[in-house]
Every structure is written in C-alpha cells, then in structure tokens.
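The chain contents come next:
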Amino acid sequence: MHNFTTKEPVTLGTPPCTREELCDALEEFAELYKKRPIRDNDGGMKAPQMFAAWFMAKKLQPTAIIESGVWLGQGTWFFEQACPSAKLICIEPNEERIQYRSDKATYTRRDFSETTWRTHVDCATTLCFFDDHQNALSRLEVATPQGFKHLMFEDNYPICQGDCVSLKTILEENSTEKDIANNYLISYYEFPPPVKGETTRWGDAWTNEFYPTHEPLITERTEMTEDYFDGYENYTWICYAQVGEK
C-alpha cells in the first residue's frame, strides 16, 4: 500500500506563477507551436509538456539554459523562442539522432554530473531542464552545491510509475529521501496539465486518489486548443523546483 501524505498535489513555498498567467499564455504558445520545426516528436515532448517548459523559461529569462536530454531537438527550438539571448548548452548522449540543431547551442555528450558548471555559466541565473530519466534527488545533490537555483524536471513520474526516481514520488511518500529533498528545496510546483483525460498514460483511472493533479487549464476543445489534446495522456507532472543550500 502506498504511504501517501496527501491526495492533493504537493506544493512547497510560493508557486512561480498563477493559474491566470498560465491560462493567458495558452493562445500565444498555441500559435508558436504551429511553427515548430519537428512535426512528429513521438518519444519527446509535445504541447502538454512543452507549454510548461516554454512558459517557465520565458518567465525566468535565464542567462543560460542547460537542457539535459535533447531527443530530436524540439525543446531547444522552444527555448530559443522563449529566451533568444540565453546561452544554450544541450546534453544528449545520442547526439546523432538530433534533427533540429541550434547554431546558438553548445552540444555535449557529457552527463550533467560530470561538469564543473561555474566555469561555463552563471549558475544562479541559469535554468537547468532535465528530461533525461535520471534520479531527480541525485540531480538536486549535484546542482545545489554548484549554486544553481532554478530546475525543471519533465520526467516527474507518480508513485510506482516511470523509469526513474522523481521528486513527485519522493515528496508524496514519507521517506528518508523526502527529508533529504526538503533540505534542498525552497519551492516545488507541478504545472497543471493543459488537458486531463479519464485515464493516465498507463491506462488506469486518473484520479487524485492515486495521481494527485492540479485541475486542467483547458476544458473545451476549440481550434485554438486543438494541439493541447495531442498527446495529453503523456503528461508526467512536469515541475519547477527552486533550490538552495539551507
């Protein structure tokens, strides 16, 4: 039996945005999404996940973005649109499969944990975006001592799902890992899904009893919201975490 601490989404500290801000940005992103360079991004982020990544990058306006897990390169393009002046560092071990490559980006196969980042970026004003299916707690333990403040995790799987340890799982259970994570976390926020279905990507009921989730941003299918319905079931509770040593 799962040892849930709540049936509501865990939120720590002050959320980085309001629901109104998110809803106001839906139409702008939908127009941008029509211009995306990769039409079929199966295996990578589609509109439901990409919206949150783009929104947060645009809101923060970091001096640099470290994208760990590039897949075909769709995310890189959206980060360019959100932050045209930001330095981009793209980490992808399977670099040969990238379809969209930015002239502004530096590409590397070296894992995030293997770099002394302060010699490359201003860590305090950099956004680290993890879509790499790695242990999220380990990422906190590496990023925080180097001075990073702003992290996002796309693979933020719920309890007993997914292929990596996520912050969502850690924070929803009473465990030693939760205490460790809270030593680093100043704030933690799961972005609402643009669209929510009756079932999850695993085919079971999408209820707050087993999958605590904020209410969806969209309830009506219109011409403007159409792309948000493509792949909505692949939503994985993408989150923003502000970190710092306490």
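See the structure printed just above.
About the criteria used
- Residues numbered from 1 in each chain as written.
- Predicted model: local features only at pLDDT ≥ 70, side-chain atom pairs only at ≥ 80, totals over all residues.
- Heavy atoms only, no water.
- Pairing = 2+ DSSP bridges.
- Helix = DSSP H or I, 4+ residues; strand = E, 2+ residues; numbered from the N terminus.
- Axes fitted to C-alpha atoms, helices over the stretch in contact; angles between N-to-C directions.
- Contact = heavy atoms within 4.5 Å.
- Buried < 20%, exposed > 50% of the residue type's maximum accessible area, 1.4 Å probe, protein only.
- Core = buried A, V, L, I, M, F, W, Y, C linked by side-chain atoms within 4.5 Å.

Engineer: Mind laying out the sheet that holds strand 4 (residues 126-130), listing which residues take part and the relevant values?
Structural biologist: Taken in spatial order, the seven strands line up as 3-2-1-4-5-7-6 in an open sheet, and their pairing is mixed. Of all the strands in the sheet, just strand 3 (105-108) and strand 6 (185-190) have a single pairing partner and so form its edges. Each adjacent strand pair in this sheet contributes to an overall mean axis angle of 15°, direction not counted. Inspection of the sheet shows strand 1 (residues 64-68) paired to strand 4 by five bridges, in the parallel sense. Pairing of Ala64 across the sheet is with Thr126, part of strand 4. Each of strand 1, strand 4, strand 5 (150-153) and strand 7 (239-243) touches helix 2 (residues 47-60); the most contacted strand, strand 5, lies at about 175° to it. Against the sheet, helix 4 (residues 136-143) touches strand 1, strand 4, strand 5, strand 6 and strand 7, its axis set at about 165° to strand 5.

Engineer: Please give an account of unusual backbone geometry that cites residues and values.
Structural biologist: With a phi close to 55°, Trp71 is a non-glycine residue in the positive phi region. In this fold, Trp71 is placed in the loop between strand 1 and helix 3 (74-82). Residue Trp237 is not a glycine yet carries a positive backbone phi of 55°. Secondary-structure assignment places Trp237 in the loop between strand 6 and strand 7. The class of Trp237 is buried, set by a relative accessible area of 1%.

Engineer: Describe the nonpolar core, and please don't skip the residues or the numbers.
Structural biologist: Counting residues in hydrophobic clusters, the biggest one holds 47 residues, and the most contacted among them are Phe29, Phe51, Trp54, Phe191 and Tyr228. Put simply, the parts of the chain that give this core at least two residues each are helix 1 (19-33), helix 2, helix 3, strand 2 (87-91), strand 3 and strand 4. In terms of residues, this core owes the most to one element, helix 2, which gives nine residues. When neighbours within four sequence positions are excluded, Trp54 is seen to be in contact with Ala25, Glu28, Phe29, Leu32, Phe78 and Ala82. Within the second largest apolar cluster, 28 residues are counted, among which are Ala64, Trp117, Leu140 and Ala241.

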